Every structure is written in C-alpha cells, then in structure tokens.
Amino acid sequence: MTTTRRDLFKFGALAAASAALPGWAKPSKPIKRAAKPLNILILGGTGFTGPFQVNYALARGHKVTLFNRGKRPSPEWPSAVEQLSGDRNTGDLKSLQGRKWDVCIDNPTSLPFWVRDAGKVLKGNVGHYLFISTISVYADGSKQGITEDAPLAVYAGKDAMAETQDSLRADIEHLYGPLKALSEAEARKQFGKRVTIVRPGYIVGPRDETDRFTYWPHRVAQGGEMLVPGDGSDPVQIIDGRDLGEWMIRLAETGTLGTFNAVGPAKPLSTTAMLKGCERVTGKKPTYTHVSPEFLEEKKVELPIWVSSKSGPYAGYGAVSNARAMAAGLTYRPFDTTVTDLLAWFRSQPAERQATLRAGITREQEAALLKEWHAKP
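Here is what the cut-offs are and how they apply
Residue positions are given per chain, counting from 1 as you read along its sequence in written order. Whole-chain, interface and lining totals are the exception, using all residues; otherwise, since this is a predicted model, local features are given only for residues with pLDDT of at least 70 and side-chain atom pairs are given and counted only at 80 or more. Side-chain figures throughout are based on the complete set of non-hydrogen atoms in the structure, without hydrogens or water. Counting from the N terminus, the helices are the DSSP runs of H or I reaching at least four residues and the strands are the DSSP runs of E reaching at least two. Just to be clear, the radius of gyration here is over C-alpha atoms, and the globule rule we use is 2.2 Å times residues to the power 0.38. Three labels apply to residues, based on accessible area from a 1.4 Å probe with only protein chains included: buried if under 20% of the type maximum, exposed if over 50%, partly exposed otherwise in between. Contact definition: two residues touch when any of their heavy atoms are within 4.5 Å. To measure how exposed things are, a 1.4 Å probe is used in the Shrake-Rupley method; for residues, cover is taken only from the protein chains shown. Neither His nor the chain ends contribute to the count of charged residues, in which Lys and Arg are positive and Asp and Glu negative. The atom standing in for a charge is NZ when the residue is Lys, CZ when it is Arg, CG when it is Asp and CD when it is Glu. Any two strands are treated as partners once DSSP identifies two or more bridges connecting them. For every element, the axis is a line fit to its C-alpha atoms; helices are fit only across the contacting stretch, and the angle between N-to-C directions ranges from 0 to 180 degrees. To estimate the expected span of a helix, subtract one from its residue number and multiply by 1.5 Å. Read the arc as the range of directions from the helix axis to the C-beta atoms. Any Lys or Arg side-chain nitrogen found within 4 Å of a carboxyl oxygen on Asp or Glu counts as a salt bridge. To define a nonpolar core, start from buried Ala, Val, Leu, Ile, Met, Phe, Trp, Tyr and Cys residues and group those joined through side-chain atoms within 4.5 Å.

S.K.: Hey, could you go over the overall build of the protein chain for me, with residue numbers and the actual values?
M.R.: Of regular secondary structure, the protein chain possesses 13 helices and eleven strands. Against the 2.2 N^0.38 benchmark of 21 Å for 377 residues, the protein chain shows a C-alpha radius of gyration of 22 Å, consistent with a compact globule. The principal-axis extent of the C-alpha atoms belonging to the protein chain is close to 75 × 50 × 40 Å. Per-residue burial for the protein chain yields a buried fraction of 51% across its 377 residues. Within the protein chain, contacts between residues separated by at least 24 positions form 80% of all contacts whose residues are at least 6 apart in sequence. Summed over its atoms, the accessible surface of the protein chain is roughly 17800 Å², and 54% of this surface lies on carbon and sulfur atoms. Within the protein chain, the 39 negative side-chain charges are centred at a point lying 7 Å from the centre of the 50 positive side-chain charges.

Structure (structure tokens):
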C-alpha cells in the first residue's frame, strides 16, 4: 500500500493525539495495524465504549465515520474521524444516504424502529452489521450458565415499533430486554446473515458514568467497617469497556458472525475476590460485615453489580456463559488494571462529580443498616 502525504499527516496526528491521552486511555501494549483497512461507520461513538472503539480502530489503520447528534464531542479524537450529524429518534438519517461502508457498529439502539430506519438507509450499503445488545434479552435470568441459545424475553405491548425513549424510560424494567430482543430480530431482518450480535453484561472501567462498579473500589478505599451482601461466594461478572470496544473492532476485521455473550472475566470472580482485588489496588483493608440477601430485601436495599446467586429472577446474571465469545477472540485485561484505571479516571473528574456517587448507598445509609444488622437477635 502506498503511503501518501495525507497518510503521513494522519499518522502524525494520531501519534500526537495518543501522546496527549491520559494514562488510562493509552493502550497497554503497542497496537499492530490490521492486515486490511476497513471503512467503519459507528452509530453513536461518543458514549462509554464508543471512544475506545474509535481509538483502537484508528490505531489499527481503519477509517472511521461517526453518526450521532453531535452533542458529546470528544477532544481526544484526531481530525481523521469523520463526523456525520443526525437524529435517529426523529428519523433524521439524511447524512447516511448514498454512502457505503464495510462495517456498521450500532452502539446505542434500544428501540426496534431505530434499527428499521437505519436498515432502510444502509441496507445494501454496509457489508457487516454489528449490534450491541444485552444479556437482559434472556427470558429467564434466574439460571446460571445462560448460553446464547437460551429463550429470549417476549414483548407484551401493543406495537414495538411505536415504543419511544419516553415509553421505555417509563417502564424500563419490563421493556428494556424485550425491546432489545426485537431490535436484534430487526437487525437480522434488515441486514440478513451479515449480522453480529454482542450481548454484554455490566460494562465497567474508565468513562463509566453510572458508578455501579465504581462504588466498590471507591468504598474499599475509604476503609472502616463495610457492609457486604451475602456470604462473599456469589459470582460477579464485569467487562472492561476497553476490552469490549477493542474486541468489536477485531470482530469486524475477521468478519465474525453470530451471537455472543460479552461477559467476563475469563475465570469466575466471587464477591470476595472482587473486594480483595480492590484492596490490592487501593492499599486499604476494610472490616467486612456480611449481611443476608433477605435482610437487604427487607430493607429494600439494592447494591450495584451484585446479585444473589441463591434465588431471584437475576440469580444467573453473575454466571452467564462466555465460552463462545472467548472462542471468538474476546480477551480481558487484568482485574487490577481495570480498577486502577477506573479510579484514576474517576479521581480526575471535578470535585462535585466525585462528591456523590450515582449508585450504591451512602456512608450514612450503610452505618444505619449495619447498626440494625448488629442489633438483630
């Protein structure tokens, strides 16, 4: 392949942009260029995992186009990234018309009509369509070892194509999984066999604005007596957003088709092991007080990431099968690396952002619960 002057400028811009990245955003090892450069369209791309997809794709030598509303620009991206504006919620996809891409990665879709409308514009103009779904599509989350062939949740509403972001938010517990399952079906309807469905569980790491996983290393770092749900043996599954984003690009490169549970880590991780990992990174060692799931249910307390594996509608969410994804090349960076980089990112946020976590319980709530637990006969 001939290297042009424009290519040299582009590679220089990429190197400069990479050098300016914070430590948690830089690759842990050199990234080799792909054997064949692809023209990749990413729907979304400015949220949680999208920027990791973009940076990895550029480092691999691919051309990247983003399509979104343009409301969350990221300054770390070099000018090599093409930005198209539109709004799938209003049906504004004009900027996609008459264009062709090798690959389309659909990150933000939770509504079937978004896939339908994208298909109307992109069908025949995209060689491979990759859709980010969720393990919430499964009809029964109570059993451990869920595989990609398990039955999917059934939509019970009147018209899935009429569902909107507002109606989804109003009943997210009952609509999220079924609408994601129907979005998967619509993807296959629109794009045929050239579809890859990726079903993550909890996505964690730098850029995680939910604070669901952040709660745990943040709390461990504070030390003292700490409330821990269950006896510590319940399994926990998480995937670093960088591992997910980079794997999506590799799936595009290999043209891998099919459906995959994108959960991790590679080996089972118990609640106790998760906390011990947080100890290693933070250097703190709280005193753990284990409380029963029944007590938490009685007090209507929900702790993020953790679910009881003993019973309940989500008892299997900590032990979903990832065998098929690992066979397709999904890899995981060390747990300690994820925690270290997550905390580095979180501590780089404004003080007001760090002051109140968006998930978990406050220290005051925790103290009150512990007092009640210790007072039990």
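Next, the rest of the story.
S.K.: Can you explain the sheet that holds strand 4 (residues 101–106)? Please cite residues and give values.
M.R.: Across the sheet, which stays open at both edges, the seven strands sit in the order 3-2-1-4-5-6-10 with parallel pairing between neighbours. At either margin of the open sheet sits one strand with a lone partner, and together these are strand 3 (82–85) and strand 10 (258–262). With direction set aside, neighbouring strand axes in the sheet form an average angle of 20°. Sheet topology places strand 1 (residues 39–43) next to strand 4; four bridges connect them, and they run parallel. Bridge pairing links Leu41 to Cys104 in strand 4. Here helix 2 (residues 50–59) sits on the sheet in contact with strand 1, strand 2 (63–68) and strand 4, set at roughly 160° to strand 2.

S.K.: Any details on the environment of Gly127? Residues and values, ideally.
M.R.: Relative to the helices and strands, Gly127 resides in strand 5 (residues 126–132). C-alpha separation for the pair Gly127 and Phe213, spaced 86 residues apart in sequence, amounts to 36 Å. With sequence-adjacent residues up to four places away left out, Gly127 is seen in contact with Trp101, Asp102 and Arg194.

S.K.: Please provide a residue-by-residue account of helix 13 (residues 363–375), values included.
M.R.: Helix length check: helix 13 (13 residues) gives 18 Å between terminal C-alpha atoms against 18 Å at 1.5 Å per residue, within 8%. Listed in full, the buried residues belonging to helix 13 are Glu366, Leu369 and Leu370. Projected onto a plane normal to the axis of helix 13, the buried residues spread over an arc of 100° and lie on a single side. Looking at helix 13, the residues exposed on the side facing more than 90 degrees away from the buried face are Glu364, Lys371 and Ala375. Elements in contact with the buried residues of helix 13: helix 6 (215–222), strand 8 (225–229), strand 11 (287–291) and helix 9 (293–298).

S.K.: Summarise the pattern of salt bridges; cite the residues concerned and give the values.
M.R.: Going through the model one piece at a time under the given rule, you end up with 25 salt bridges. With its nearest N and O atoms 3.0 Å apart, the salt bridge here joins Arg99 to Glu82. Highlighted residues: Arg99 in the loop between strand 3 and strand 4 and Glu82 in strand 3, separated in sequence by 17 residues. Arg99 gets classed as partly exposed once you look at its relative accessible area, which sits at 24%. Within the structure, one salt-bridge network assembled from shared partners comprises Glu209, Asp211, Arg353 and Arg358.

S.K.: Describe the pairing of strand 10, with residues and values.
M.R.: Counted residue by residue, strand 10 has four buried out of five residues, so it is predominantly covered. Here five bridges tie strand 6 (residues 195–200) to strand 10, and the two strands are oriented parallel to one another. Note on strand 10: the bridge partner recorded for Val198 is Phe260.

S.K.: Give a description of the nonpolar core that names residues and reports values.
M.R.: In this structure, Phe213, Trp216, Met274, Leu296, Leu303 and Phe335 are the most contacted members of the largest nonpolar core, which totals 30 residues. At the level of elements, helix 6, strand 8, helix 8 (271–282), helix 9, helix 11 (335–347) and helix 13 are the ones that each hand at least two residues to this core. It is helix 11 that contributes the most residues to this core, six residues altogether. Apart from the residues within four sequence positions on either side, Phe335 is in contact with Phe213, Ile238, Leu269, Met274, Gly277, Cys278 and Arg280. Formed by 28 residues, the second largest nonpolar core is a distinct cluster that contains Ile40, Ala57, Ile105 and Tyr332.

S.K.: Can you explain unusual backbone geometry? Please cite residues and give values.
M.R.: Of note, the amide linkage connecting Gly264 to Pro265 takes the cis form, showing an omega dihedral of 0°. Mapped onto the elements of the fold, Pro265 is located in the loop between strand 10 and helix 8. A positive phi angle, near 85°, is found at Arg207, a position not held by glycine. Inspection of the secondary structure assignment puts Arg207 in the loop between strand 7 (202–204) and helix 6.

S.K.: Describe in detail helix 5 (residues 172–191), supporting the description with residues and values.
M.R.: The terminal C-alpha atoms of helix 5 lie 27 Å apart, and with 20 residues this matches the ideal 28 Å at 1.5 Å per residue to within 8%. Those residues of helix 5 that fall on the buried side of the exposure criterion are Leu175, Gly177, Pro178, Leu179, Lys180, Ala181, Ser183, Glu184, Glu186, Ala187, Gln190 and Phe191. Of the surrounding elements, those touching the buried residues of helix 5 are helix 3 (112–122), strand 5, helix 4 (165–170) and strand 6. A positive backbone phi angle near 65° is found at Gly192, which sits one or two residues after helix 5.

Shape descriptors only; they carry no functional weight alone.
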